[in-house]
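Reading the structure
Residue strings, one per chain:
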Amino acid sequence: MKVLVVGGGGREHAIIRKLKESPEITQLYAAPGNGGIGYDAVCVPIGATEVDKLCAWAAENRMDYVVVAPDDPLAMGLVDALAEKGIPAFGPTAAAARIESSKAFSKDLMKRYHIPTARYETFSDVEKAKAYLNACDAWPMVLKADGLALGKGVLICQSREEALVAIEEMMVGGKFGASGNTVVIEEFLTGPEVSVLAFTDGKTVVPMVSSMDHKRALDGDKGLNTGGMGTVAPNPYYTPAVAAECMEKIFKPTIAAMNAEDRTFKGCLYFGLMLTPDGPKVIEYNCRFGDPETQVVLPLLESDLFSIMRAVTEGRLKDADVKFSSCSAACVILASGGYPERYEKGKIITGLREGQLPGSGATVYHAGTAQKDGGLVTAGGRVLGITAVGETLPEALTQAYSAAKEISFPGMHMRTDIGVRALTAEQ
Ligand code: AMP
Ligand code: GLY
């Protein structure tokens, strides 16, 4: 079978390397892919949001199946458009992707169906939003742009003054474009965060191994929010008791709510959870695999990913084999100096052979690289993700960090404390 994966980051590389193990797949394509993905799949120079071009290419080249990994093409209806051409795809329809593409929608859904989340109000009138903030007496408060904002649309405001400036920037100044026209203002929650990715065909929900992201740029959770600087799996805070509670109070009710709204969700649903003193609550939903969560979750998957994906599309997930190893995985991101703000591209990467580190026991997932003159150069903020699997988390971390030492490029930045919080929790 010929399979196309849409996207070009570390998450897509992890999906592609897992799909490569599938005996049924004869040829893998990526659109647009990247320098490192080019060693594992044929890269097609079409952007992930070029819906019409992607559909036409998939039809002309007779793709048997398409995996749509990023949020934008899902929200734009790529899965719907492929279905019209008779091409089955992994991922939700645009109607179901709304669970991520509109925070106002997802918050209202949780309220209507009694799914635990932070208390909130939604505003599309800046004066009303300001009046609400002026009346707030518990700080910090959290401001969220309604639409997609490259993971940057969430602001935690420590004071009324800060919040009033931020709301003006979002709703009047156009800081997040049209995504900020409507804003959700919600209570600040505390507790450890857990990412749970789950397969669902709209009837059955099968959570994958849990994970922990490290969103801030610098050690000690300092610096700016990024797309994610590293991950570990499993997440030690996510005990079997917490998992059982999440299944009953969050996962199953969410699937049922989407069905009741006529927005049946099929694909990978990402639950961003906070384990608060009042129990687990939903911080956000994503309508796709997380990045860089996928880079630690899929290496622990022992079953055939392609079989699971097709079972999801065809509504037979109940009978699918979904088994995870009991090992631990760690992923350390190597980023360009300056990320998530201004950074340079085109730096020569040394230490890799055909994009990998043979003999190191680690896997290199490429997030932002390009092939140039027979070598690899940087082409994004997050450049590489180094994943290692071990019997224990300390083993996985040691291996990932020692592999990372073999790679360099000018300005390279990584956090040195990925997994430290998880190790403390384990004791
Ligand atoms: P999101 O893009 O919704 O995942 O938000 C980004 C980050 O902001 C989350 O991973 C949390 O660390 C933080 N955050 C979002 N909402 C809240 C909240 N209500 N209380 C505390 N922290 C939050
Ligand atoms: N790692 C968070 C995300 O994928 O949105």
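Right above here is the structure, for reference.
Rules used in this analysis
Residues numbered from 1 in each chain as written. Chains lettered and ligands numbered in written order. Predicted model: local features only at pLDDT ≥ 70, side-chain atom pairs only at ≥ 80, totals over all residues. Heavy atoms only, no water. Near = heavy atom within 4 Å. Polar contact = N/O pair within 3.5 Å; in protein donor to acceptor, adjacent residues only side chain to side chain. Areas by Shrake-Rupley, 256 points an atom, 1.4 Å probe, with all protein chains shown as cover. Patch = residues over 30% accessible without salt bridge, like charges linked within 9 Å, V, L, I, M, F, W, Y side chains within 5 Å. Salt bridge = Lys/Arg side-chain N within 4 Å of Asp/Glu carboxyl O. Helix = DSSP H or I, 4+ residues; strand = E, 2+ residues; numbered from the N terminus. Pairing = 2+ DSSP bridges. Axes fitted to C-alpha atoms, helices over the stretch in contact; angles between N-to-C directions. Expected span 1.5 Å × (residues − 1). Bend = angle between axes of the 7 residues up to and from the residue. Buried < 20%, exposed > 50% of the residue type's maximum accessible area, 1.4 Å probe, protein only. Contact = heavy atoms within 4.5 Å. Parallel < 35°, antiparallel > 145°, perpendicular 65-115°, else oblique. Nonpolar A, V, L, I, M, F, W, Y, C, P; charged D, E, K, R; others polar. Right-handed = clockwise from strand over helix to strand, strands pointing away.

**A short note on the site of ligand 2**
Around ligand 2, a shell composed of Asp-213, Gly-227, Tyr-270, Asn-286, Arg-288, Gly-290, Asp-291 and Glu-293 is seen. A distance of 2.9 Å is found between an oxygen atom of ligand 2 and a side-chain nitrogen or oxygen belonging to Arg-288. Contacts to ligand 2 include Asp-291, whose backbone N or O atom sits 2.9 Å from an oxygen atom. When isolated, ligand 2 has an accessible area of 200 Å², and the protein chains bury 88% of it.

**Points about a nonpolar patch on the surface**
Taken together, Val-154, Ile-156 and Phe-188 make up a surface patch of nonpolar side chains, about 220 Å² in accessible area. Counting through the fold element by element, Ile-156 comes out in strand 8 (residues 154-157).

**Observations concerning the site of ligand 1**
Lining the immediate environment of ligand 1, one finds 15 residues, of which Glu-186, Glu-187, Leu-189, Glu-193 and Glu-284 sit closest. A distance of 2.9 Å is found between a nitrogen atom of ligand 1 and a backbone nitrogen or oxygen belonging to Glu-187. Protein burial of ligand 1: of its 470 Å² of free accessible surface, 91% is covered by the chains. Every element with two or more residues in the shell around ligand 1 is listed here: strand 7 (141-145), strand 8, strand 9 (183-187) and strand 17 (279-286).

**Regarding the sheet that holds strand 17**
Strand order in the open sheet formed by four strands is 11-10-16-17, with antiparallel pairing between adjacent strands. Each of the sheet's edge strands pairs with one partner strand only, and the pair in question is strand 11 (205-207) and strand 17. Sheet twist, expressed as the mean angle between neighbouring strand axes with direction ignored, is 35 degrees. Bridging between strand 16 (residues 267-276) and strand 17 involves seven bridges; their strand directions are antiparallel. Note on strand 17: the bridge partner recorded for Leu-275 is Pro-280.

**What about helix 9 (residues 240-260)?**
Taking 1.5 Å per residue as the helical rise, helix 9 with its 21 residues ought to reach 30 Å, and the 28 Å between its terminal C-alpha atoms agrees with that figure. In helix 9, a bend of some 45 degrees at Met-247 exceeds every other bend along the element. Among the residues of helix 9, Val-242, Cys-246, Met-247, Ile-250, Phe-251, Pro-253, Thr-254, Ile-255, Ala-257 and Met-258 are the ones counted as buried. Taken together, the buried residues of helix 9 touch helix 5 (94-101), helix 6 (103-112), strand 10 (193-200), strand 11, strand 16 and strand 17.

**Details of the packing of helix 5 against helix 6**
The contact between helix 5 and helix 6 brings their axes to 6 Å, and the two run at 90 degrees. In this view, helix 5 runs roughly perpendicular relative to helix 6, as classed from their interaxial angle. In this structure, helix 5 uses Arg-98, Ile-99, Glu-100 and Ser-101 to contact helix 6, whose residues at the interface are Lys-103, Phe-105, Ser-106 and Leu-109. The residue makeup of the contact of helix 5 with helix 6, split by class, is three nonpolar, two polar and three charged.

**Here's the deal with the environment of Asn-286**
The residue Asn-286 is located in strand 17 in this model. Residue class for Asn-286 comes out buried when judged on its relative accessible area of 4%. Setting aside its immediate chain neighbours within four residues, Asn-286 contacts Glu-100, Cys-268, Leu-269 and Tyr-270. One polar contact links Asn-286 to Glu-284, side chain to side chain, over a distance of 3.5 Å.

**Brief notes about the pattern of salt bridges**
Evaluation of the coordinates by the stated rule reveals 25 salt bridges. Residue Asp-40 pairs with Lys-20 through a salt bridge whose shortest N-O separation is 2.7 Å. Note that Asp-40 is positioned in the loop between strand 2 (27-32) and strand 3 (42-43) and Lys-20 in the loop between helix 1 (10-19) and strand 2, a separation of 20 residues in sequence. Here Lys-20 falls in the partly exposed class, since its relative accessible area comes to 45%. With a shortest N-O distance of 2.9 Å, Arg-415 and Asp-417 are connected by a salt bridge.

**Focus: the sheet that holds strand 4 (residues 65-68)**
Strand order in the open sheet made by the five strands is 3-2-1-4-5, with parallel pairing throughout. Looking along the sheet, the strands with just one partner apiece sit at the ends: strand 3 and strand 5 (89-90). Relative to strand 5, strand 4 runs parallel, the two sharing two bridges. For Val-67, the partnering residue across the bridge sits in strand 5 and is Phe-90. Here helix 1 sits on the sheet in contact with strand 1 (2-7), strand 2 and strand 4, set at roughly 165 degrees to strand 1.

**Some words on the pairing of strand 1**
With five of its six residues buried, strand 1 lies for the most part within the structure. Both strand 1 and strand 2 contribute to a ladder of six bridges, which runs parallel. Each residue of the ladder has a partner; that of Val-3, found in strand 2, is Leu-28. Read from strand 1 through helix 1 to strand 2, the crossover connection turns out right-handed. Across four bridges, the pairing between strand 1 and strand 4 is parallel. The residue bridging Leu-4 from the neighbouring strand is Val-66, located in strand 4.

Treat this as a map of the structure, not an account of what it does.
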